[in-house]
Amino acid sequence: MSSTMTIAAIHRASSNLEALEARKVNTLRVMGNREEVPFYILPDTLRNWPYAERVISPYYRAAQAESVAWLENFHPFTPAGQKAFNKCDFSLICALTYHKASHEILRSCCDFMHAFFMLDEHTDPLPTDQVIIHCEVTMDAILHPDKPRPEGEPIIGEIARQFWKRASTYAHQATKERFLKAWRSYLDSIILQAQRRDKDRYICTIDEYIAARRDNCGAYPCFAFLEISLGLNIPHYVTEHPYLVALNRDTNDMIVLANDMCSYKEILVDDADYNAVTAAFSGFLTPTMRSLDVLNKRGFPSFGEDLDRQIADYIERLGQWIRGQDEWNFCSGRYSGEDGLKI
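- If you look the protein chain up in an unreviewed UniProt entry, it shows as Terpene synthase from Gymnopilus junonius.
- What the UniProt record of the protein chain gives under Sequence similarities (unreviewed entry) is the line "Belongs to the terpene synthase family."
- Annotation of the protein chain in UniProt includes, under Cofactor (unreviewed entry), the sentence "Mg(2+)".

### Re the pattern of salt bridges
Reasoning step 1: Counted according to the given criterion, the structure contains 18 salt bridges.
Reasoning step 2: Here Glu327 makes a salt bridge to Arg54, at a shortest N to O gap of 3.1 Å. One end of the pair, Glu327, is in helix α15 (residues 305–331); the other, Arg54, is in the loop between β2 (37–39) and α3 (60–72), with 273 residues separating them in the sequence.
Reasoning step 3: Residue Arg54 is classed as partly exposed on the basis of its relative accessible area, which comes to 36%.
Reasoning step 4: Across the pair Asp306 and Arg309 runs a salt bridge, and its minimum N-O distance is 3.1 Å. A residue pair is termed a helical-turn pair when its members lie 3 or 4 positions apart in one helix, as Asp306 and Arg309 do in helix α15 at 3 residues.
Reasoning step 5: Judged by relative accessible area, Asp306 falls into the partly exposed class, the value being 44%.
Reasoning step 6: For Arg309, a relative accessible area of 44% gives the class partly exposed.
Reasoning step 7: By sharing partners, the salt bridges in this structure join Glu66, Arg107, Asp111 and Arg166 into a single network.

### Let's talk about helix α8 (residues 156–168)
Reasoning step 1: When the terminal C-alpha atoms of α8 are compared, their 18 Å separation across 13 residues agrees well with the 18 Å that a helix rising 1.5 Å per residue should span.
Reasoning step 2: The buried fraction of α8 amounts to 10 of the 13 residues, a majority that puts the element mostly inside the structure.
Reasoning step 3: Burial in α8 covers these residues: Ile156, Gly157, Glu158, Ile159, Ala160, Arg161, Phe163, Trp164, Ala167 and Ser168.
Reasoning step 4: Against α3, α6 (103–123), α7 (128–143), α9 (173–198) and α11 (219–230) lie the buried residues of α8.

Conventions adopted
Residues numbered from 1 in each chain as written. Predicted model: local features only at pLDDT ≥ 70, side-chain atom pairs only at ≥ 80, totals over all residues. Heavy atoms only, no water. UniProt positions renumbered as here; feature names shortened; annotations may be inferred. Salt bridge = Lys/Arg side-chain N within 4 Å of Asp/Glu carboxyl O. Helix = DSSP H or I, 4+ residues; strand = E, 2+ residues; numbered from the N terminus. Buried < 20%, exposed > 50% of the residue type's maximum accessible area, 1.4 Å probe, protein only. Expected span 1.5 Å × (residues − 1). Contact = heavy atoms within 4.5 Å.

Quick look at the structure:
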């Protein structure tokens, strides 16, 4: 499923009010004399997804304990804030999506995920100038992992330096370069989001939202860690093949859709301006996932036995990533608290 098809489908859905009503994705109901209760119905988007089986790393709990202790040592939140942050269980999404990683690499993946979401939490309430400072601190720390961080800068700098210094020892050069590029694009998207947030509750058009959200969701840096977790050494001329570029983009789009669908509860605390549901009036949440076959390699050339095997491993993990993310959406406390499995 190409991104062009996806955007066209979004336009059709957002303009078709009858279809929108039939889906009832975002509905306001009145129950007798009770207060109006906002809720939406989650479609079973992966009912036909070929990766039906949940897989999880045997090192999950050990890596989780080590990474949580590492993060807590920096005291990035108040005690109550840290407790709430830990309930999200960001180590779980690593265990579900990097399940083939060794204990040591999974620990690095957990550190990365903790830093990633901590940056998100810390920058959400900040004005643009402060967001820029936090973002540039992490970029500098990642570019210079052996350089001591200056006193007085946001703690995210030292956190970023440590997670990348550890993880980069397991990464091949091309993977390092792809991570740096993806992280830069992610940071730029955070800054853009802050600028729009400061602009009197700016609501994106669908095209603006799609263009920005592809980097803002943070999937591309995660895909670089997917390479690290599998020990892949794929040169740029392979990853830049149009097939793999489109496959990464479409996988990213599916992650965006699933994330925004599950996180739309943010509207209850007035924090859903930057969300696909707001941008596209809910019709955004019904992707035709059956039309995306991540194993369809028609027209994709052979690069030799070794690279073909690595590419096959990478593609398989992209497919499993979408399943793992769906599991995490409901099994962690990030979006639904204690009610995830019930939902």
